Amino acid sequence: MEAPPEKTRLLITSVGSLVATNLLEALAVIGRERFFIIGTNSEPEAANNFACDVVYRVPPADSSEAYHSALAAIGKTEVPEVWIPARDDDVLALARLFAVQMLPGMPLVGSLDTAEIICDKWLSYCFAIDRALKVVPTADRLEAALELVKKTASVEIGWAQWFLAFAPVGILLLVLIPLVAYWIYPPEVKAGEEVPAW
């Protein structure tokens, strides 16, 4: 009789995240019994913690030194074959950890430089633009948004243009919203003897 095949040891960080949820569902489809899943999470009550064979509570990824120490200890104890980050913070943390320590297994993060680009949305945008990759234009700062509009549409937008473009809708909303609110939630008291005295 043949011995059962060894299970592939996967370490999934932030196992309570939506990415980890999707990953666990995909593993269930292809055969959950083929994997030994090691989870890490900073939230002890997360539902996905119970979908793992073993789960470790770790500090949040933004507390980098404590997080790195916890991951390194787990890696040496559990010896995962593949390290899978489930959040952007985890990508950068794993890249930093593997840049300074030799740990068992393979992290799915790429180089430290790549991880830093992935985690910084502005660097990701610049990286894509420099390489003529198509991106969905977004920006987190007004100046960046205006620069993006200027580059892509060759239009410079000032404060007055923004105001004039929104004025028709804005004025309509200023008039209609109180009327709609009055219609949906009419006041319970519409008249009273004490109203004139007030």
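Structure shown above.
Residues numbered from 1 in each chain as written. Predicted model: local features only at pLDDT ≥ 70, side-chain atom pairs only at ≥ 80, totals over all residues. Heavy atoms only, no water.

Q: With reference to specific residues and values, describe the environment of alanine 144.
A: Note that alanine 144 resides in helix α6 (residues 142-153). A C-alpha to C-alpha distance of 9.4 Å links alanine 144 and tryptophan 122, two positions 22 residues apart in sequence. (Helix = DSSP H or I, 4+ residues; strand = E, 2+ residues; numbered from the N terminus.)

Q: I'd like a rundown of the pairing of strand β2 (residues 35-41), residues and numbers included.
A: Within β2, six of the seven residues are buried, which leaves it mostly tucked inside the rest of the structure. Two strands pair when backbone bridges link them, and strand β1 (residues 8-12) and β2 are joined in this way by five bridges, in the parallel orientation. Note that in β2 the partner of leucine 10 across the bridge is isoleucine 37. Considered for its hand, the β-α-β crossover made up of β1, helix α1 (residues 18-31) and β2 is right-handed. Here four bridges tie β2 to strand β3 (residues 54-57), and the two strands are oriented parallel to one another. In the sheet register, threonine 40 faces β3, and the bridge partner there is tyrosine 56. (Buried < 20%, exposed > 50% of the residue type's maximum accessible area, 1.4 Å probe, protein only. Pairing = 2+ DSSP bridges. Right-handed = clockwise from strand over helix to strand, strands pointing away.)

Q: An account of the pattern of salt bridges is needed here, citing residue identities and associated values.
A: Side chains that differ in sign of charge can pair as their charged atoms come close. For the structure shown, the criterion picks out three salt bridges. A salt bridge links glutamate 78 to arginine 9, with the nearest nitrogen and oxygen atoms 2.7 Å apart. Highlighted residues: glutamate 78 in helix α2 (residues 64-78) and arginine 9 in strand β1, separated in sequence by 69 residues. With a shortest N-O distance of 3.1 Å, arginine 32 and aspartate 53 are connected by a salt bridge. Taken together, the residues arginine 32 in the loop between α1 and β2 and aspartate 53 in the loop between β2 and β3 connect sequence positions 21 residues apart. Exposure remark for arginine 32: the relative accessible area of 21% places this residue in the partly exposed category. We classify aspartate 53 as partly exposed; its relative accessible area is 35%. (Salt bridge = Lys/Arg side-chain N within 4 Å of Asp/Glu carboxyl O.)

Q: Explain unusual backbone geometry to me, and be specific about the residues and the numbers.
A: The bulk of non-glycine residues show a negative phi, and the bulk of peptide bonds are trans. Despite not being glycine, serine 14 has its phi angle at roughly 45°, a positive value. Relative to the assigned elements, serine 14 resides in the loop between β1 and α1. Classification of serine 14 by relative accessible area gives buried; the value is 10%.

Q: Residues and numbers for the packing of aromatic side chains, please.
A: Ring pairs (aromatic) are described by centroid distance and by the angle formed between their planes. For the structure shown, the criterion picks out one aromatic pair. Geometrically, the ring pair formed by tryptophan 83 and phenylalanine 98 is edge-to-face, given 5.1 Å between the ring centres and 85° between the ring planes. Of this pair, tryptophan 83 sits in strand β4 (residues 82-84) while phenylalanine 98 sits in helix α3 (residues 88-100); the two residues are 15 residues apart in sequence, bridging distant segments of the chain. Accessibility assignment for this pair places tryptophan 83 and phenylalanine 98 in one class, buried. (Phe/Tyr/Trp six-rings, centres within 6.5 Å; stacked < 30°, edge-to-face > 60°.)

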